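# Examination of the molecular architecture
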Amino acid sequence: MKTKKKNPVCQAKEQLLWEIESLKQSLEIVNSNFENVSDPDLIDSYIYEMNALSFRYKYLLKQFKSFHAS
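As the structure is a computational prediction, the values presented were derived from the model and not from experiment.

With respect to the element layout, E19 can be found in helix α1 (residues 8-35). When residues no more than four places from it in sequence are discounted, the contact partners of E19 are R56 and L60. Separated by 2.7 Å, the side chains of E19 and R56 make a polar contact.

Attention now goes to the packing of α1 against helix α2 (residues 40-69). α2 packs onto α1 with a crossing angle of 160° between their chain directions and a minimal axis gap of 9 Å. The angle between α1 and α2 places the two elements in the roughly antiparallel class. Crossing of α1 against α2: the hand is left-handed. Grouping the amino acids of the contact of α1 with α2 by side-chain chemistry returns 19 nonpolar, six polar and five charged.

Turning our attention to the pattern of salt bridges. It is possible for side chains of opposite charge to pair when their charged atoms get near one another. Following the criterion strictly, the structure yields two salt bridges and no others. The closest approach of N and O atoms between E19 and R56, which form a salt bridge, is 2.7 Å. In this pair, E19 sits in helix α1 while R56 sits in helix α2, placing the two residues 37 residues apart along the sequence. Judged by relative accessible area, which is 37%, R56 ranks as partly exposed. Between E21 and K24 there is a salt bridge whose closest N-O contact spans 3.3 Å. In this pair, E21 and K24 both sit in helix α1, three residues apart, roughly one turn of the helix.

Parameters at a glance
- Residues numbered from 1 in each chain as written.
- Predicted model: local features only at pLDDT ≥ 70, side-chain atom pairs only at ≥ 80, totals over all residues.
- Heavy atoms only, no water.
- Helix = DSSP H or I, 4+ residues; strand = E, 2+ residues; numbered from the N terminus.
- Contact = heavy atoms within 4.5 Å.
- Polar contact = N/O pair within 3.5 Å; in protein donor to acceptor, adjacent residues only side chain to side chain.
- Axes fitted to C-alpha atoms, helices over the stretch in contact; angles between N-to-C directions.
- Parallel < 35°, antiparallel > 145°, perpendicular 65-115°, else oblique.
- Left-handed = near helix turned anticlockwise from the far one by under 90°.
- Nonpolar A, V, L, I, M, F, W, Y, C, P; charged D, E, K, R; others polar.
- Salt bridge = Lys/Arg side-chain N within 4 Å of Asp/Glu carboxyl O.
- Buried < 20%, exposed > 50% of the residue type's maximum accessible area, 1.4 Å probe, protein only.

Below, the structure is given as C-alpha cells:
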C-alpha cells in the first residue's frame, strides 16, 4: 500500500493550526494562573507572558489567513 505524500501547503496549514491550538491552550493556562496569584512579581510575569503569547497568536492567525487569501 502506497502512502500519499501531503501537499507542502497543506502540511504548513496543519502545522499552523496545531500551533494556534497550542497557543490557545497556553493562553488559557496563563490566564488561569494570572487569576490565581497575588504576588506582584508573578502578576507582572503572567502579564508579560500573556502579551507575548497574544502577539504570537495574532501573528499565526495572519499567517493562516494569508493561505486562504492566496
